[in-house]
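Understanding the architecture of this molecule
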Amino acid sequence: MSERSQHRRPATFKLDDPGVVVMDPDDASRPARGTVHVTPEAEPALLPVPVEAEVLPAQRGFRWGTVFWSAVGGLTLLGVGLGVTRLIEDLFARSEGLGFLGLAFAFVAALAFAVVVTREAFGLMRLATIEKLHLRAASVLASDDRAESRAVVQDLLKVAHQNPHLARARAALQGHADDIIDGADMIRLAERELMTPLDSEARRLISSAAQRVSIVTAVSPRALVDVLFVFAASLRLIRQLARLYGGRPGALGMIRLMRHVISHVAITGGMAASDSMIQQVLGHGLAAKLSQRLGEGVLNGLLTARLGLAAIDVTRPLPFTALPRPALTDLAKDLLRKREKEE
């Protein structure tokens, strides 16, 4: 049998003692006999900070669908242009006054179309700017780059410049910007100063939309009315949240936001989590006090609130680090308490 090694009795020693050997955790060498081995542990501040990995979209090849719809759109514009030209020529052939009137209408329509296209383009560009700010802020939180953090804060101030309710927050952020050394701390300071009032307003908007949906769908007689109202309320809520955080989406921007919100809910498994949470909350005797119609209204309101929380993650220019993420459980409890009072 192998002889058991005797345990060393407790003793005190100094770190500068020649018999003390400091070893790395990965060092496999054996120091001299009779020495004291010390393996330093990593400081908590030096440990890598876990950062939520961004979900990268799958790379696609050549998009024939885009080519098809672009070609169809070009042909449609050419057809409309030729039709308008022929109409104006016919109006001039019939009467010079009618021809000038038709030409004026065509000019006004072309001007309005150009304005609408320009507004849609600016809306898409602003949404893209907010998405890039979100990604850049997440990168700074991982790299702690001070120069990049200042650039992100400056771009964030430009986005928030048109919101008069953030004037005091912008002044406070600019006043403390020179006192911050670390890049990650700069992003956290910007989040606390600028996002705190916006997050509070976003939660109020989501609660109001969820309560509105729960009331209307509880008293509506048709399921089709419920579906249409939930869709309209969700669309309005996403637009309000986008405008709250600095975006001004048009029609194309809303289509893009809806795609991103639905994708976010699907990727994060939010609907499955919402369903389990709803079953837990409603299954503990709270829903038993409600009627069947009110229970369906509460469920529709919670699903609307879940879409609103996903819209916050999509439209918010900064990730959640210094501030807590709004929880669906809190909104569900508020909604249930309101329904119980009405019942």
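Right, let's walk through the structure included here. (Residues numbered from 1 in each chain as written. Predicted model: local features only at pLDDT ≥ 70, side-chain atom pairs only at ≥ 80, totals over all residues. Heavy atoms only, no water.)

Comments concerning the pattern of salt bridges
Enumeration over the complete set of coordinates arrives at 8 salt bridges. With a closest N to O distance of 2.8 Å, R316 and D199 form a salt bridge. Of the two residues, R316 sits in the loop between α9 (292–315) and α10 (328–342) while D199 sits in helix α5 (residues 183–219), which places them 117 residues apart along the sequence. A residue is classified by how much of its surface remains accessible, and R316, at 0% relative accessible area, is buried. Residue D199 is classed as buried on the basis of its relative accessible area of 10%. Here E201 ties to R204 by a salt bridge, and the two come within 2.5 Å at their closest N and O atoms. Pair noted here: E201 and R204 are both in helix α5, with a separation of 3 residues, about one helical turn. Residues joined in a network through salt bridges with shared partners are R136, E148 and D155. (Salt bridge = Lys/Arg side-chain N within 4 Å of Asp/Glu carboxyl O. Helix = DSSP H or I, 4+ residues; strand = E, 2+ residues; numbered from the N terminus. Buried < 20%, exposed > 50% of the residue type's maximum accessible area, 1.4 Å probe, protein only.)

Structural notes on the packing of helix α1 (residues 64–94) against helix α2 (residues 96–143)
Where α1 contacts α2, the axes come no closer than 5 Å and their chain directions differ by 155°. Our classification of the angle between α1 and α2 gives roughly antiparallel. Helix-helix and strand crossings are classified by hand; for α1 and α2 the assignment is left-handed. Note on element contacts: α2 touches α1 through E96, L98, G99, F100, G102, L103 and A106, opposite V84, I88, L91, F92 and R94. Residue composition of the contact of α1 with α2, grouped by class: 8 nonpolar, 2 polar and 2 charged. (Axes fitted to C-alpha atoms, helices over the stretch in contact; angles between N-to-C directions. Parallel < 35°, antiparallel > 145°, perpendicular 65-115°, else oblique. Left-handed = near helix turned anticlockwise from the far one by under 90°. Contact = heavy atoms within 4.5 Å. Nonpolar A, V, L, I, M, F, W, Y, C, P; charged D, E, K, R; others polar.)

With respect to the packing of aromatic side chains
The final tally for this structure, using the stated rule, is 2 aromatic pairs. Here F68 and W69 contribute two aromatic rings whose centre-to-centre distance is 5.1 Å and whose plane-to-plane angle is 70°, an arrangement assigned as edge-to-face. Assessed through its relative accessible area of 48%, F68 is described here as partly exposed. W69 sits in the exposed class, given a relative accessible area of 60%. Each ring, one from F92 and one from F100, has its centre 5.2 Å from the other, and the planes form 75°; the classification is edge-to-face. Judged by relative accessible area, which is 33%, F92 ranks as partly exposed. (Phe/Tyr/Trp six-rings, centres within 6.5 Å; stacked < 30°, edge-to-face > 60°.)

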